[in-house]
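Results of the structural survey
In case you want the letters, here they are:
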Amino acid sequence: LPTSPEYARKRLLSEGLERIYQICKSFRDEAEAPFHNPEFTMLEWYRAYADYRQIAEETEALISHVARRLLGSTRLTFKETNIDLAHPWERLTVREAFARHSDIDGDPCGDPKRFLTSALTSKVTSIDGDADFDSAFFKIFLDQIEPNLGAPRPTILTDYPASMGALAKRSSETPETAERFEIYIAGIELANAFTELNDPVEQRD
């Protein structure tokens, strides 16, 4: 049971198909949570020669369009939270999100040691001395960052630490970050994308 159609689509992309998409069932045996289904429908698409900024703009336009067609409006309410899907959405980098919403004194993208030291004194009590950077990052993210994203407009969260973008291209402006984004609406992640890494040496490393 495929977790996503990603790898099959990438094979087609590498064979020269420049604009492709698939809507299909995906399966993930994840821990029980309110917003995780073991079986769900996913839309996956690729456009050659487009970077993550262009894909973010396409995603924003698509979701706004679908809302208008289905609801007759870009406004909706989810769990008593009013959301407006109309353009423009909030753009926020991971660095900005941690500076705004967390109690961490450290750069999540450029200084993992200082970040981890600060995380040990965070209000997030589930972080202990055995935690590595990735686990501390996600615990703080899930507890302090994610609930604050995507209201009253969706949030496009960009520029993740490079270590968290294994198939993503590094930013030419800030090489410690990956050209990756996620979209959040009312605190829920609904999309993930990145500029495709096409450097075979870096990919092999």
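Residues numbered from 1 in each chain as written. Predicted model: local features only at pLDDT ≥ 70, side-chain atom pairs only at ≥ 80, totals over all residues. Heavy atoms only, no water.

Considering the overall build of the chain
Cut-off, in case you're wondering: Secondary structure elements follow DSSP: runs of H or I no shorter than four residues count as helices, runs of E no shorter than two count as strands, and numbering proceeds from the N terminus. Our radius of gyration is a C-alpha quantity, and the globule rule it is checked against amounts to 2.2 Å times the number of residues to the power 0.38. Remark: exposure states derive from per-residue accessible area (1.4 Å probe, protein chains only) relative to the maximum for the residue type, with buried under 20%, exposed over 50%, and partly exposed in between. Working rule for contacts: check all heavy atoms of both residues, and any pair within 4.5 Å makes them a contact.
Within the chain one finds 6 helices and 8 strands. When the elements of the chain are put in sequence order from the N terminus, they spell out α-β-β-α-β-β-β-α-α-α-β-β-β-α. Here the C-alpha radius of gyration of the chain, 18 Å, is about what a compact globule of 205 residues would show, namely 17 Å. By its C-alpha atoms, the chain is 50 × 45 × 35 Å across when sized along the principal axes. For the chain, with 205 residues in total, the buried portion stands at 40%. In the chain, 51% of the contacts between residues at least 6 apart in sequence involve partners at least 24 apart.

Observations concerning a nonpolar patch on the surface
Heads up, the condition is: A patch is a set of surface residues, each over 30% in relative accessible area and not in a salt bridge, joined within 9 Å for like charges and within 5 Å for the nonpolar side chains Val, Leu, Ile, Met, Phe, Trp and Tyr. A 1.4 Å probe and the Shrake-Rupley method give the accessible areas. Residues count as covered only by the protein chains that appear here. The working definition used for a salt bridge is a side-chain nitrogen of Lys or Arg within 4 Å of a carboxyl oxygen of Asp or Glu.
Together, Tyr 21, Ile 23, Leu 43, Leu 62, Val 66, Leu 70 and Leu 71 give the surface a local cluster of nonpolar side chains, amounting to about 720 Å² of exposed area. Among the secondary structure elements, those contributing two or more residues to the nonpolar patch are strand 1 (19–27) and helix 2 (52–71). If one sorts the elements of the nonpolar patch by residue count, helix 2 sits on top with 4 residues. With respect to the helices and strands, the residue Val 66 is situated in helix 2.

Let's talk about helix 5 (residues 133–145)
So the rule is basically this: Think of the arc as the fan of directions from the helix axis to the C-beta atoms.
Buried within helix 5 we find Phe 133, Ala 136, Phe 137, Ile 140, Phe 141, Gln 144 and Ile 145. Each buried residue of helix 5 lies within a common arc of 130° when the element is viewed along its axis, so the set occupies one face. Residues of helix 5 that are buried sit in contact with helix 3 (94–101), helix 4 (112–119), strand 6 (155–161) and strand 7 (177–185).

A look at the pairing of strand 6
So the rule is basically this: Between any two strands, at least two bridges found by DSSP are needed for them to pair.
Taking burial as the measure, the 7 residues of strand 6 include 7 buried ones, the bulk of the element. Pairing of strand 5 (residues 90–93) with strand 6 involves 4 bridges; the strand directions are parallel. Within the sheet, the bridge partner assigned to Arg 91 lies in strand 6 and is Ile 156. Examined bridge by bridge, strand 6 and strand 7 share 6 bridges and lie antiparallel to one another.

Thoughts on the side chain of Lys 10
Inspection of the secondary structure puts Lys 10 in helix 1 (residues 6–14). On the accessibility criterion, Lys 10 (16% relative accessible area) is buried. Those residues in contact with Lys 10 that sit more than four places away from it in its chain are Tyr 46, Leu 167, Phe 194 and Glu 196.

Quick notes on unusual backbone geometry
A cis amide bond links His 87 to the next residue, Pro 88, at an omega of 0°. Relative to the elements of secondary structure, Pro 88 occurs in the loop between strand 4 (81–84) and strand 5. Here the bond from Ala 151 into Pro 152 is cis, since omega is 5°, no more than 30 degrees from zero. For Pro 152, the location among the structural elements is in the loop between helix 5 and strand 6. Unusually for a residue other than glycine, Tyr 49 sits at a positive phi of about 70°. When you line up the elements, Tyr 49 lands in the loop between strand 2 (39–47) and helix 2. With phi around 55°, Ala 186 is a residue other than glycine that occupies positive phi space. Along the polypeptide, Ala 186 turns up in the loop between strand 7 and strand 8 (188–194).

Considerations on the side chain of Asp 159
Note the following rule: Two residue types count as positive, namely Lys and Arg, and two as negative, namely Asp and Glu; His and chain ends fall outside the count. The term polar contact refers here to a pair of N or O atoms within 3.5 Å; inside protein, the definition further demands a hydrogen-donor-capable atom paired with an acceptor-capable atom, and it admits residues adjacent in sequence only when both atoms are side-chain atoms.
Secondary-structure assignment places Asp 159 in strand 6. No salt bridge is formed by the buried Asp 159. Its closest oppositely charged neighbour is Arg 53, at 5.6 Å. Among the polar contacts listed, one links the side chain of Asp 159 to the side chain of Tyr 52, at a separation of 2.6 Å. Dropping the residues within four chain positions of it, Asp 159 is found in contact with Tyr 52, Thr 93, Val 94, Cys 109, Thr 177, Ala 178 and Arg 180.

Quick notes on the pattern of salt bridges
In this structure the tally under the stated criterion is 13 salt bridges. Across the pair Arg 100 and Glu 90 runs a salt bridge whose closest N-O atoms are separated by 2.9 Å. Remark: Glu 90 occurs in strand 5 and Arg 100 occurs in helix 3; sequence separation between them is 10 residues. Among the residues examined, Glu 90 registers a relative accessible area of 27% and is labelled partly exposed.

So far we have only geometry, and geometry alone does not tell us how the molecule works.
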